[in-house]
Amino acid sequence: MRQRLSFLFFLLSCMVFSQSQKASETYLDLNYFTGNIALHNTDILHLISGRPQGFIFSWNKKTFGDEAWEQRYNFPDYGASFIFQDLVDERLGDNFGLYAHYNFYFFKRHLSLRVAQGIAYNTNPYDKTKNPKNIAFGSRFLSSTYLMINYKKDNVFRRIGVQGGLSLIHYSNANVKAPNTSINTIALNVGLTYDLSQSERELIYNENEQGKTYTEPIRYNLAFRTGINESDVINSGQFPFYVLSAYADKRLSHVSAVQIGVDAFFANFLKELIYYQSVSFPEENVTGDEDYRRVGLFAGHELFINKMSVETQLGYYIYYPFDFEGRTYIRIGLKRYFGDKLFGAITLKSHGAKAEAVEFGIGVRL
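Model, not experiment: these values are computed from the prediction. All residue numbers refer to positions counted from 1 along the written sequence of the respective chain. With pLDDT at 70 or above as the cut-off, local features in this predicted model cover only qualifying residues; side-chain atom pairs require 80 or more to be listed or tallied, and sums for whole chains, interfaces and linings still use all residues. Hydrogens and water molecules were not included; the side-chain quantities draw on all heavy atoms of the structure.

A. Structural context of the sheet that holds strand β9 (residues 219–229). In space, the 8 strands of this closed barrel follow the order β9-β10-β11-β12-β13-β14-β15-β16, with antiparallel pairing throughout. The sheet shows a mean angle of 25 degrees between the axes of neighbouring strands, taken without regard to direction. We call two strands paired when DSSP finds no fewer than two bridges between them. For the purposes of this entry, the term helix denotes a DSSP run of H or I that reaches at least four residues, the term strand denotes a run of E that reaches at least two, and both are numbered from the N terminus. Bridge analysis of strand β10 (residues 239–251) against strand β11 (residues 256–267) gives 11 bridges, and the strand direction is antiparallel. Bridging from a neighbouring strand, alanine 248 pairs with isoleucine 260 of β11. Relative to β11, helix α3 (residues 269–280) is tilted by about 50 degrees, and along the sheet it contacts β9, β10, β11, β12 (293–305) and β16 (354–365). Whenever a helix is involved, its axis is fitted only over the stretch in contact; in every case the axis is a line through C-alpha atoms, and angles between N-to-C directions fall within 0 to 180 degrees. What makes two residues a contact is simply this: any of their non-hydrogen atoms within 4.5 Å.

Structure follows, in structure tokens:
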């Protein structure tokens with residue numbers, strides 16, 4: 001009885017909280033999805049045995065133009081979401097994920113695009129003896145991204161709305177531990193929205209922000225990135241890596257900047273890989289004395305959203321003594337500014353669709 005009363009009190013508290021909102025500032029949505037695993041790599045063909053399905057449950061908070069960035073992006077929502085996905089094949093197991101997301105709106109706010117980044121947990125990763133065929137996930141914890149585009153109609157029946165669309169869900173541990181071929185799901189989704197307050201608030205447009213131009217002089221940045229990763233050779237060992245970066249950026253507007261710079265890579269897993277190839281594959285002509293270090297030049301772009309930004313960079317190794325996945329590389333990730341000069345970042349470095357590492361970085365903008 002005490003547990004029932006506690007649960008009832010919790011429900012009443014939630015109702016009181018939601019009713020105390022002066023405006024329709026928050027809402028929930030629940031989406032069911034089903035689809036197919038994309039065959040981005042023929043090595044995972046044996047793991048595709050049915051149509052994955054699951055649900056996405058989300059809490060969302062609306063914005064109304066109280067800050068300038070909200071106006072620039074057409075008053076997006078931000079929130080948190082949870083995914084459960086049944087990957088159908090018992091060798092793949094199930095995935096549970098937690099995410100932070102933004103919803104961006106188009107076509108009079110009937111069309112929304114959600115961009116979400118988070119971490120997922122897999123129930124049945126690769127194991128040498130118990131589950132050797134799951135080459136998709138080498139670890140239980142995975143980096144995960146999902147995109148969802150929906151047609152929405154709010155308040156169809158009182159505070160209940162409907163939505164439906166297309167989702168893309170990606171899971172990978174970014175070579176933190178081998179194997180890691182990753183899984184991409186393309187799915188159709190349909191769901192309901194529920195407004196947590198009864199009244200509506202008009203969007204606030206700040207005309208003073210309209211048409212304003214903004215630029216900055218060239219600024220210089222220093223960044224340090226690190227993490228752990230492993231080569232594609234299973235059980236070859238996880239090793240730390242270090243990246244030193246120096247680059248210049250030019251802010252072109254409130255939302256956009258361009259970059260050019262240099263990276264120095266110290267990837268210790270390459271030491272082990274060089275030795276392994278030198279003794280195991282003499283036909284590869286690897287002597288074992290090759291330098292594991294690399295230097296690259298890159299050009300990039302930064303998209304600013306409030307104190308966050310999305311960073312994308314394309315690089316080319318100018319010092320490349322050992323051949324590993326090709327001379328070009330890509331970096332994409334999130335950056336968070338702390339004041340005017342300091343920032344932290346989480347980025348993914350890859351060679352095309354082949355991930356090398358998740359990088360955790362700090363830096364200064366001078």
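Alright, that's what it looks like, and here's the rest.
B. Highlighting the sheet that holds strand β2 (residues 53–61). Read around the closed barrel, the 8 strands follow the order β1-β2-β3-β4-β5-β6-β7-β8; overall the barrel is antiparallel. Averaged over neighbouring strand pairs, the angle between their axes works out to 25 degrees when direction is ignored. Two elements, strand β3 (residues 77–86) and strand β4 (residues 94–106), share 10 bridges in a ladder whose sense is antiparallel. Pairing of serine 81 across the sheet is with tyrosine 99, part of β4.

C. Structural view of the environment of leucine 192. Considering the arrangement of structural elements, one finds leucine 192 in strand β8 (residues 183–195). Separated by 29 residues in sequence, leucine 192 and glutamine 163 place their C-alpha atoms 6.1 Å apart.

D. Representation of unusual backbone geometry. The omega torsion across alanine 178 and proline 179 is 0 degrees, close enough to zero to call that bond cis. Counting through the fold element by element, proline 179 comes out in the loop between β7 (160–172) and β8. Not every positive phi belongs to a glycine, and arginine 158 is a case in point at roughly 55 degrees. Secondary-structure assignment places arginine 158 in the loop between β6 (141–157) and β7. The phi torsion at asparagine 175 lies on the positive side, around 60 degrees, for a residue other than glycine. By secondary structure assignment, the location of asparagine 175 is in the loop between β7 and β8.

E. Fine view of the nonpolar core. In plain words, nonpolar cores are sets of buried Ala, Val, Leu, Ile, Met, Phe, Trp, Tyr and Cys residues tied together by side-chain atoms within 4.5 Å. Accessibility here uses a 1.4 Å probe with only protein chains present; expressed as a share of the type maximum, an area under 20% marks a residue as buried, one over 50% as exposed, and anything in between as partly exposed. Core analysis: the biggest nonpolar cluster contains 23 residues, and Leu270, Phe322 and Phe324 have the highest contact counts within it. Looking at this core, the elements with two or more residues in it are β10, β11, α3, β12 and β14 (328–338). In terms of residues, this core owes the most to one element, α3, which gives 4 residues. Filtering out sequence-adjacent residues up to four positions away, phenylalanine 324 remains in contact with Phe269, Leu270, Leu273, Arg294, His351 and Glu356. Counting 20 residues, the second largest nonpolar core, distinct from the first, contains Ile37, Tyr99, Ala116 and Ala136.

F. How the structure looks around the pairing of β14. Side chains Tyr329, Arg331, Gly333, Lys335 and Tyr337 of β14 all project onto a buried face; the interleaved residues Thr328, Ile330, Ile332, Leu334, Arg336 and Phe338 project onto a face where none is buried. Across 9 bridges, the pairing between strand β13 (residues 308–319) and β14 is antiparallel. For leucine 314, the partnering residue across the bridge sits in β14 and is isoleucine 330. The antiparallel pairing of β14 with strand β15 (residues 342–351) creates a hairpin that spans 3 residues between the two strands, and glycine 339 there sits at a positive phi of about 80 degrees.

G. Region of the structure containing the environment of phenylalanine 106. You can see phenylalanine 106 is positioned in strand β4. By relative accessible area, which is 39% here, phenylalanine 106 ends up partly exposed. Sequence spacing of phenylalanine 106 and tyrosine 151 is 45 residues, and the spatial spacing of their C-alpha atoms is 9.8 Å. Other than its neighbours up to four places away in sequence, phenylalanine 106 contacts Asn74, Leu111 and Leu113.

H. Spotlight on α3. Under the 1.5 Å per step criterion, the end-to-end length of α3 is 16 Å for 12 residues, consistent within 8% with the ideal 16 Å. Among the residues of α3, those classed as buried are Phe269, Leu270, Leu273, Ile274, Gln277 and Ser278. For α3, the angular spread of the buried residues around the axis is 165 degrees, confining them to a single face. Residues of α3 that are exposed and angled more than 90 degrees away from the buried face: Tyr275 and Val279. A helix is expected to reach a length of 1.5 Å times the quantity of its residues less one. Summarising the geometry, the arc corresponds to the directions from the helix axis toward the C-beta atoms.

I. Summary view of the pairing of β13. Pairing between β12 and β13: 11 bridges, direction antiparallel. Considered in β13, the bridge of valine 295 is made with tyrosine 319. Hairpin connection of β12 to β13: 2 residues between the antiparallel strands, including asparagine 306 at a positive phi of 60 degrees.

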